[in-house]
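Coordinates in review
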Protein chains: 4
Amino acid sequence: MKNTFGSSVSVTIFGESHGKMIGAVLDGIAPGIPVDEEFIAAQMDLRKAVGKISTARHEADQVQIVSGVFNGRTTGTPITLIIANQDQHSRDYGELAYKARPGHADFTAQMKYHGFQDFRGGGHFSGRITAGLVAAGAIAISALRSKGIFIGTHILSCGGVEDRTFGDLRADIDRLNASEFAVLDEKAGASMKERIEAAAAEGDSVGGKLETAVIGFPAGVGEPWFDTLESVISHMLFSIPAVKGVEFGDGFGLAEMSGSQANDPFRAENGSVVTATNHNGGILGGISSGMPIIIRSAVKPTPSIYKEQQTIDMRDMSDTELVIKGRHDPAVIHRARVVVDSAVALVLCDQLAGRFGTDWLVSE
Amino acid sequence: MKNTFGSSVSVTIFGESHGKMIGAVLDGIAPGIPVDEEFIAAQMDLRKAVGKISTARHEADQVQIVSGVFNGRTTGTPITLIIANQDQHSRDYGELAYKARPGHADFTAQMKYHGFQDFRGGGHFSGRITAGLVAAGAIAISALRSKGIFIGTHILSCGGVEDRTFGDLRADIDRLNASEFAVLDEKAGASMKERIEAAAAEGDSVGGKLETAVIGFPAGVGEPWFDTLESVISHMLFSIPAVKGVEFGDGFGLAEMSGSQANDPFRAENGSVVTATNHNGGILGGISSGMPIIIRSAVKPTPSIYKEQQTIDMRDMSDTELVIKGRHDPAVIHRARVVVDSAVALVLCDQLAGRFGTDWLVSE
Amino acid sequence: MKNTFGSSVSVTIFGESHGKMIGAVLDGIAPGIPVDEEFIAAQMDLRKAVGKISTARHEADQVQIVSGVFNGRTTGTPITLIIANQDQHSRDYGELAYKARPGHADFTAQMKYHGFQDFRGGGHFSGRITAGLVAAGAIAISALRSKGIFIGTHILSCGGVEDRTFGDLRADIDRLNASEFAVLDEKAGASMKERIEAAAAEGDSVGGKLETAVIGFPAGVGEPWFDTLESVISHMLFSIPAVKGVEFGDGFGLAEMSGSQANDPFRAENGSVVTATNHNGGILGGISSGMPIIIRSAVKPTPSIYKEQQTIDMRDMSDTELVIKGRHDPAVIHRARVVVDSAVALVLCDQLAGRFGTDWLVSE
Amino acid sequence: MKNTFGSSVSVTIFGESHGKMIGAVLDGIAPGIPVDEEFIAAQMDLRKAVGKISTARHEADQVQIVSGVFNGRTTGTPITLIIANQDQHSRDYGELAYKARPGHADFTAQMKYHGFQDFRGGGHFSGRITAGLVAAGAIAISALRSKGIFIGTHILSCGGVEDRTFGDLRADIDRLNASEFAVLDEKAGASMKERIEAAAAEGDSVGGKLETAVIGFPAGVGEPWFDTLESVISHMLFSIPAVKGVEFGDGFGLAEMSGSQANDPFRAENGSVVTATNHNGGILGGISSGMPIIIRSAVKPTPSIYKEQQTIDMRDMSDTELVIKGRHDPAVIHRARVVVDSAVALVLCDQLAGRFGTDWLVSE
């Protein structure tokens, strides 16, 4: 299964950067969930380009729901969300039909699709395809909220600047979900934007790290093998373009700890079981513990830069140089965070429906 | 699908730490591949406990092949590998029937399995279950080698000590596959062992990082969505107990780079296309580029430590203390590396059979 | 996985009878296959209503390809095919919001979707949803033809009238694919139409049997367990509305034979192996033998009839009567045959890509 | 996925007729279900050879549970059931290494596995492999019974003799489950046995039809596409060796009915909704209606007959003759019925767990 993810709740995505339409089919979501088109539009806006630190391409990204919603609620059958592409400047891409952009998928696409791929704007590899994921994810996020499960992602670092770490999770998540540039410390955010603009000025780009928290997720969901919660979340996250690392809890930091530091002591609190620390990020043995799920994703710098680069001409696989023109983001990290929220929400809906049944998301 | 992973080539694992048998069913592997039982045994030995830095539990771990191999070769039908458990000291585990060990899956298992789980020695969550994966993986590793694809993993860091990074990959992989304690720098290895022993002496434990290289893997394998090579490899790796982070190429390091640093320039070399650097770890857009695949995994410290820990009594979810007895590893990183090799090999066989057909692994 | 079928090549369908759009996403099909929009349109026409023996609803059924095709060829990424609904008369369906039509899915939909389903015109259960399958199937049929694999289906019986059985398969298949009302014996076809019209005149409906032949399919494709060719084909066929029986070769007839009658003797012929008879329908042990694959499907009579029927009012689950109004087919068998062709083609493309690799459908 | 079936509850089978062990891994079944080893043994006995009408091969078929059961109950983790092969007479099979038995999978196995298959006794294609399915199915049948869901199968016809059709389903199912030769009319059963013995005396074999009823299955389970209840049940049934046709309700008989005959009128009865007739076999639109599920399977005659047959020598694909020796069943229909019960039970557990959650089978 390629462009379809999930079992109980699944999402199929389609489209190319410069094709007619992109979109997603969201299947298996419980019937009766209210679908808030304004919320979908708001999520789409979070993914969109913003000001000087983003691409000059502007898409309305209006989501049209063409199936699976009736009288404002999910029917339980496939929800199809389509988004027309409008602002394609395909004339910008001529030379890129045969010169492989370093850091991009042009060369690997050539090896897989033998030249038949739609190369314009990265085609099906474009970050633009995440728009369908965000549209589908908005419905998943709404469904989770109605069950008391909340997700928020901030830019933990960007261009060498660090945001503060999570504190009061409920308040932080609310704050992030209301922010266009998702940081917990506004000063850090301002510095990050400066770094992005500085990179843009040099024709270069920056990456960063995203940190995601999920609260309210019930204990006992996941598997010991092979569908651990970490497995299924990372599977989804690594399909977001530019993500090159995923960790849970203290992640790579755990590798440097001793067992006595890393073990989270259990204790009873108000009738439920919590841990005093959360180094394991809410997941033990692949199964949720009821503690907040903490995920960090590494996002590589945008590979579209304006500096001259060494590459190959794919017509004869000979050496050549490339200077990329066109409209590109000097950073995508601030746009990627809503993609991560959406992706995680889709995975969690699938897990919950599989564990508690297909009606769980709407039952009281 | 829970304990089954893969599509064209799949592996199903079963068993509990103190049950009768553990094992695996390897399905979909091409017919006609020679099965070398000595190599399987050698791989099992690499996973086994070694000296002072490992558990005192000793298992023969003799793999019995009960189906799918005929006249010394794979038949193409399911290969079932079983391993009898022998050295169980279940009497050691009495109190652990109801006290949740911090850092372990005892509490989450209780939330999922409602007390019916086999708690002895961690049951189905035990690292012991990886023995089945190593047995199945040995056949996958052999198959890959016959196609010129080689995998090796070293302990990149342990207890604060760093190994040198990969150099000549072919030589390094050969060296690692012949080593019991897989490091590239023997001095670093000696220091790591000292740290493990020191932790053991304190009743504590250490974790570490593993770095894996795959060479000879063809370009053009993987998917842009959702089964990117990173997605499927991380899915598998995160089901190995104790793995809490996975990254590809420079991974989290890429988040700190600029695009001009991170982009790997292409160039033609001896009739094929290579990149001058390999920050992306052999994967672009979710698809292999033909460059070495580089993976790093974070392994948390063994949660079984001998110090007193705060926890809960699961009979009434009340606070209590726990002192773990029994036989445990002060580190598993040196045993985990062959598990990682095996796991990666299984994923790659699945990808190759899906891409090039079910006979590819044996065709010339 | 619900509305998605297949692994190497998969199809996802969506839409409701009276929603905005219906369609399909075809994924995993090899890159480089020419896409003939005229052929797609011709296949859509075969599925459409014809004259007095079909519904008065008329839909243009114009298929719009919005992704996955570039310069007239498949790219290898998801092909999205959408069809706008136009001729909805939703006012016809008022009472059917709460009265369950016997033989239809209204009651079972209520039990699954709790009243949130789109009940108009059968919603997602409507035969109209097969339009997406036919559009996707047209691409699969084209791909198979370029590899010398041909599929044809005739109405073996309808309203008690029997068509002649298959003779020269290549000629019969060509004839069927050029026929609007697919029979091998035109007189039988004329009689069938009379029976359909007679049923229509009484406000009743008829069913029938379809017989499908596939020629040119290579030997050695399928699995002994659980994905036998019969398993995967029947899985797909039983999701076509109204199909209630599927058999291969002599099917239920085999139950009455002796082994010496049923066994197909092998013999060498022109360098390949054939069987003198084909009682097993080209499949032995779940795997293709290279002989023609023969499939028969039972199609129940259209449940929408104009006679008064006993049923329940789903608002309080009380007894009531129902007289269906609106526009309905007195038979669907003549429209179902292209759905069966399409469905079978999709399954076979998946099997071939899984067996021989994702590029097989275009390689020479 | 080949030898694994199911999603929420899955079964993996392995083994060859003359290999060391055969068996199954049953995964995803809810924790806490009592496992009755005597019932498993009784089910295995029903599958075994009986008297003159079966093979002379005798296997103890003792099922050893090596994982997934703890303190007599399911743990929720994979249950591995292994059965040692004992009574292999492999010397009987010499010539069959290269002569393809008509009606068997020898030739198609050769085309798929290129001569590496274990040909002895049919290897992995052997009906013997169903023993693992029956062992796993016994646990599924027990679980369903505890929820009030009962399954029974009778030999509807064999050698031209017809059994009476189902009457009082609850009583009939109980009677069948207590019968070694499962018929509702003992006289018909006696005649069937005579026909089987007559066929055996001639060195020939007979087939037959099985009819299965499931009662107590809740309404609202299944999917409109592609996982209709008919789809998933037929998928499983067509992987049982010798099954060549599957129908639901009146199946192929529906093709001859008018809509007014075929539609099952709904009515309220004792607070639930029933249908006056059950031509649709308890499934409408792919979803259970709460009425009994009725399934019929066509079983072809055993292909192992003692008459001389034309075939090919697979060493050079030349014509030859074959006279099969060894021990074979003149009929398998009486043994197949418990395989069908088991197979259906496994599918239904998967469906129920997917619909209502993984704990449903044990919750009150």
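Before going into details, it helps to say that this report is about the structure given with it. Not measured: the values here are computed from a predicted model.

In this section: the nonpolar core. Core analysis: the largest hydrophobic core is formed by 472 residues, its most contacted members being Cys349(A), Cys349(B), Cys349(C) and Cys349(D). If we skip the residues at most four places from it in the chain, Cys349(B) touches Val9(B), Ile29(B), Ala140(B), Ala143(B), Leu144(B) and Leu361(B).

Glancing now at the sheet that holds strand 11 (residues 243–248) of chain C. The strand order 9(C)-8(C)-10(C)-16(C)-11(C)-11(D)-16(D)-10(D)-8(D)-9(D) describes an open sheet built from 10 strands, whose pairing is antiparallel. The strands lining the two open edges of the sheet, one partner per strand, are strand 9 (161–162) of chain C together with strand 9 (161–162) of chain D. Where strand 10 (residues 208–215) of chain D meets strand 16 (residues 293–299) of chain D, seven bridges bridge the pair, whose relative direction is antiparallel. For Thr212(D), the partnering residue across the bridge sits in strand 16 of chain D and is Ile295(D).

Mapping chain A onto chain D leaves a residual RMSD of 0.0 Å; the transformation is a rotation of 180° accompanied by 0.0 Å of translation along its axis. Both copies of the chain, as the preceding transformation shows, are related through a two-fold rotation axis. When C-alpha distances to the rotation axis are compared across chain A, the minimum falls at Gly357(A), with a value of 1.9 Å. The share of interface residues of chain A whose copies in chain D are also at the interface is 89%, consistent with both copies meeting through the same surface.

Unusually for a residue other than glycine, Asn71(C) sits at a positive phi of about 55°. Looking at the element boundaries, Asn71(C) is found in the loop between strand 5 (69–70) and strand 6 (73–74). By C-beta crowding, Asn71(C) is classed as exposed, having 9 other C-beta atoms within 10 Å. Backbone geometry places Met317(D), a non-glycine residue, at a positive phi of 55°. Summarising the element assignment, Met317(D) is placed in the loop between strand 17 (309–313) and strand 18 (318–322).

So, on to the relation of the copies chain D and chain C. In screw terms, the move from chain D to chain C is a rotation of 180° and a rise of 0.0 Å along the axis, fitting with an RMSD of 0.0 Å. With an isologous cut-off of 70% or more, the 100% of interface residues of chain D that recur at the interface of chain C puts this contact in the isologous class.

Let us look at the packing of helix 1 (residues 37–47) of chain B against helix 8 (residues 333–356) of chain B. Residues and elements named next belong to chain B. Contact geometry for helix 1 and helix 8: axes closest at 7 Å, N-to-C directions at 145°. Of the residues in helix 8, those touching helix 1 at Gln43, Leu46 and Arg47 are Arg335, Val338 and Val339. The residue inventory of the contact of helix 1 with helix 8, partitioned by class, reads three nonpolar, one polar and two charged.

So, on to the interface of chain D and chain C. The partner chain C presents 85 residues to the 85 residues of chain D that form the contact. Tallied by class, the residues present in the side of chain D that touches chain C amount to 37 nonpolar, 33 polar and 15 charged. Bridge count between strand 11 of chain C and strand 11 (residues 243–248) of chain D: three bridges; the pairing is antiparallel. Looking at strand 11 of chain D, one finds that Gly245(C) is bridged to Glu247(D).

Contacts between the two partners involve nine residues from chain A, matched on the other side by nine residues from chain D. Of the residues in the side of chain A that touches chain D, the class split is two nonpolar, six polar and one charged.

Residues and elements named next belong to chain B. Spatial ordering of the open sheet is given by 1-2-3-7-4, a layout of five strands whose pairing is antiparallel. A single partner strand is all that each edge strand has here, and the edge strands are strand 1 (4–5) and strand 4 (63–67). With four bridges connecting them, strand 4 and strand 7 (residues 79–84) associate as antiparallel partners. When the sheet's bridge partners are listed, Ile65 is paired in strand 7 with Leu81.

Conventions we followed
- Residues numbered from 1 in each chain as written.
- Chains lettered and ligands numbered in written order.
- Predicted model: local features only at pLDDT ≥ 70, side-chain atom pairs only at ≥ 80, totals over all residues.
- Core = buried A, V, L, I, M, F, W, Y, C linked by C-beta atoms within 7 Å.
- Buried ≥ 20, exposed ≤ 12 C-beta atoms within 10 Å, placed from the backbone.
- Contact = placed C-beta atoms within 7 Å.
- Pairing = 2+ DSSP bridges.
- Helix = DSSP H or I, 4+ residues; strand = E, 2+ residues; numbered from the N terminus.
- Least-squares fit on C-alpha atoms with pLDDT ≥ 70 in both.
- Axes fitted to C-alpha atoms, helices over the stretch in contact; angles between N-to-C directions.
- Nonpolar A, V, L, I, M, F, W, Y, C, P; charged D, E, K, R; others polar.

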